[in-house]
Amino acid sequence: MPYVGSEVKAVFENDLKHLSPDLIFTHNGNDAHQDHRLISQLTWNTFRDHFILEYEIPKYDGDFGRPSVFVPLEREICEKKVEYLLEAFQSQHSKRWFEREIFFSLMRLRGMECVAASGYAEAFYCRKLVI
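Description of the structure in this document. Since this is a predicted model, take the numbers as computed values, not measurements.

Observations regarding the pairing of strand S4 (residues 120-125)
Okay, so step 1: Of all six residues making up S4, five are buried, and the element is well covered by its neighbours.
Okay, so step 2: In this structure, strand S2 (residues 52-55) lies alongside S4, joined through two bridges in antiparallel fashion. Across the sheet, Tyr55 pairs through a bridge with Phe124, a residue of S4.
Okay, so step 3: Sheet topology note: the strand S3 (residues 69-73)/S4 ladder contains five bridges and is antiparallel. Bridging from a neighbouring strand, Leu73 pairs with Tyr120 of S4.

Printed below as a string of structure tokens:
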């Protein structure tokens, strides 16, 4: 596959740089997938002064780490999140890692790590936080 990083970078520079969101979600910068790493790098390059949280994605590569930000979630929110994922990413349905129980398992694990009252949480990586 040809590398099209310069084309992706142009979209960030031309179409996104003028935006000033309060919060940005992007792939984890250490993601094993090269396209995910590129998006994370360009996000940080484009939005240097913004609050950026990097999310994790379960997949074959096993590239989970130690996130630093935890957001406890109620079970009902977890249900909605999983439904949105299943609906939005139709192209991933054939992947063995793209299963309802995998997503719940990850949120349950992160909930255990942060002692969430509900038992569920989402976790993020944060390189820079200004309080």
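Things to note about the sheet that holds S3
Okay, so step 1: The four strands lie next to each other as S1-S2-S4-S3, forming an open sheet whose pairing is mixed. Pairing within the sheet leaves two strands with one partner each, and these edge strands are strand S1 (24-27) and S3. Within the sheet, the average angular offset between the axes of one strand and its neighbour, ignoring direction, is 40°.
Okay, so step 2: Here helix H2 (residues 34-46) sits on the sheet and contacts S1 and S2; the angle it forms with S1, its principal contact strand, is near 145°.

Some words on the side chain of Thr26
Okay, so step 1: Mapped onto the elements of the fold, Thr26 is located in strand S1.
Okay, so step 2: Given the relative accessible area of 2%, Thr26 is considered buried.
Okay, so step 3: At a separation of 3.2 Å, a polar atom in the side chain of Thr26 contacts the side chain of Thr43.
Okay, so step 4: Not counting residues up to four positions away in its chain, the partners in contact with Thr26 are Ile39, Ser40, Thr43, Ile52, Leu53, Glu54 and Tyr55.

Procedures and definitions
Residues numbered from 1 in each chain as written. Predicted model: local features only at pLDDT ≥ 70, side-chain atom pairs only at ≥ 80, totals over all residues. Heavy atoms only, no water. Buried < 20%, exposed > 50% of the residue type's maximum accessible area, 1.4 Å probe, protein only. Helix = DSSP H or I, 4+ residues; strand = E, 2+ residues; numbered from the N terminus. Pairing = 2+ DSSP bridges. Axes fitted to C-alpha atoms, helices over the stretch in contact; angles between N-to-C directions. Contact = heavy atoms within 4.5 Å. Polar contact = N/O pair within 3.5 Å; in protein donor to acceptor, adjacent residues only side chain to side chain.

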